[in-house]
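In case you want the letters, here they are:
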Amino acid sequence: MKNGSTLQLEIEKASTSKIDSVDFDNLVFGNIFTDHMMVCDYKNGEWRNPKVMPYGPLQLEPSARVFHYGQAVFEGMKAFKDDNGEVWLFRPQENFERLNKSSKRLAIPEFPTEVFFEGLEALLNLDREWIKQGFGNSLYIRPFVIATEAGVSASPAKEYKFLIICSPAKSYYSGEVRVVFAEKFSRAANGGVGFAKAAGNYGAQFYPTNLAKEEGFQQIIWTDANTHEYLEEAGTMNIFFRVGDKLLTAPTNDRILDGVTRKSVITLAEENDITVEVRRVSVKEIVDAAKKGDLKEIFGTGTAATINPVKGFGHDGEKFELEDQEDSYAQYFKTKLMEIQYNIAEDKFGWRYKVKK
Ligand SMILES: *Cc1c(COP(=O)(O)O)cnc(C)c1O
């Protein structure tokens, strides 16, 4: 930040709003975007000209690095509106720090904190009407950074664009989710980019996930790339196993995304005297627990779905079904988290962030 004046936020309001054409009762996740977006460019060694402006297409050179080398990172967060019309974010500092952690790994320059929060809040205030009241309604926020410099030399770009776009969301029931434990493909390797929200991590999962779908599974639980013996995460969600009354989840490392929802669930569990073992979880122990009837629940955690219960899993040609639990941990954590997010419950841990009007 060499020159403060180049970081002055500019605001250009959309002349009309699309909001009246949106059917808020029938939203498909991530399909509709609000009237505005935030943009900021990196050029000549500095971030400059942050702007909140009407949402619309970008113009980029076909040779822009992002198209060729996937130099791109993103984040996912949500805004919630309480019954008094106040807008809240959930642990946004965590997302901001993770964005820069991802950027660093992809040789993308880090983004300044103040510009992030000033721009984000201005954007949310302009599109405040898009955040609907009521439990389950939210605004999904997608910050991302792409390498825009023209030229196909395989080296880090000198120019980037930071953007934030927003999409209204409804808490969705995605149908029953069954997962398969990965036996052949891998998502991430030691020393790789698995811990980063790097665009390429997701593109690389589509093909194996399509194969899993043909077998009747909606998602893959990725295992460690070397042995496929340990369960890691679900590719857009971290994963928890309830064996008896204990919760098991893998420790984060350079292959696993350090999810904000995961962290929050661990904290809530400990607060509620639910034992959480953060350690390597083997495929064998989960299959054995399922066979003995000790495996009570599997659920994924992530901003988009909050908590996503898993109904069954497959491994090595065998399929297992889980019974519904009356004292479901998944349901307990989902309600607890949402009550904090919607400003219904006390915020013991200081997780809520009020968006200033
Ligand atoms: C985003 C993401 C998660 C979930 O992270 P949250 O911060 O809880 O939204 C988990 N795994 C992967 C691979 C992700 O990209």
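Residues numbered from 1 in each chain as written. Predicted model: local features only at pLDDT ≥ 70, side-chain atom pairs only at ≥ 80, totals over all residues. Heavy atoms only, no water.

How should the UniProt feature "modified residue: N6-(pyridoxal phosphate)lysine" (unreviewed entry) in the chain be read in this particular structure?
In this numbering, the UniProt entry assigns the feature "modified residue: N6-(pyridoxal phosphate)lysine" (unreviewed entry) to K197. Turning to its location among the elements, K197 is positioned in the loop between β9 (177–181) and α4 (199–214). Residue classification places K197 among the buried positions, given a relative accessible area of 13%. Setting aside residues up to four positions removed in sequence, K197 forms contacts with A72, V73, F74, E75, G76, R98, S102, Y202 and L257. (UniProt positions renumbered as here; feature names shortened; annotations may be inferred. Helix = DSSP H or I, 4+ residues; strand = E, 2+ residues; numbered from the N terminus. Buried < 20%, exposed > 50% of the residue type's maximum accessible area, 1.4 Å probe, protein only. Contact = heavy atoms within 4.5 Å.)

Any chance you could explain the site of the ligand here in plain terms?
The full set close to the ligand counts 16 residues, and K197, Y202, E233, T261 and T303 are the nearest of them. Within the side chain of K197, an N or O atom sits 2.8 Å from an oxygen atom of the ligand. The side chain of T261 places a nitrogen or oxygen atom 2.6 Å from an oxygen atom of the ligand. Bound to the protein, the ligand loses 96% of the 380 Å² it would expose on its own. Put simply, the parts of the chain that give the shell around the ligand at least two residues each are α5 (260–271) and β16 (295–302). Here the residues of the shell around the ligand sort into 4 nonpolar, 8 polar and 4 charged. (Near = heavy atom within 4 Å. Polar contact = N/O pair within 3.5 Å; in protein donor to acceptor, adjacent residues only side chain to side chain. Areas by Shrake-Rupley, 256 points an atom, 1.4 Å probe, with all protein chains shown as cover. Nonpolar A, V, L, I, M, F, W, Y, C, P; charged D, E, K, R; others polar.)

Would you mind showing me how to read the pattern of salt bridges here?
In total, this model carries 25 salt bridges according to the counting rule given. In this structure, E94 and R91 form a salt bridge, with 3.6 Å as the shortest nitrogen-oxygen distance. On the basis of relative accessibility, which here comes to 24%, the residue E94 falls in the partly exposed class. A salt bridge links D258 to K263; the shortest N-O distance between them is 3.6 Å. (Salt bridge = Lys/Arg side-chain N within 4 Å of Asp/Glu carboxyl O.)

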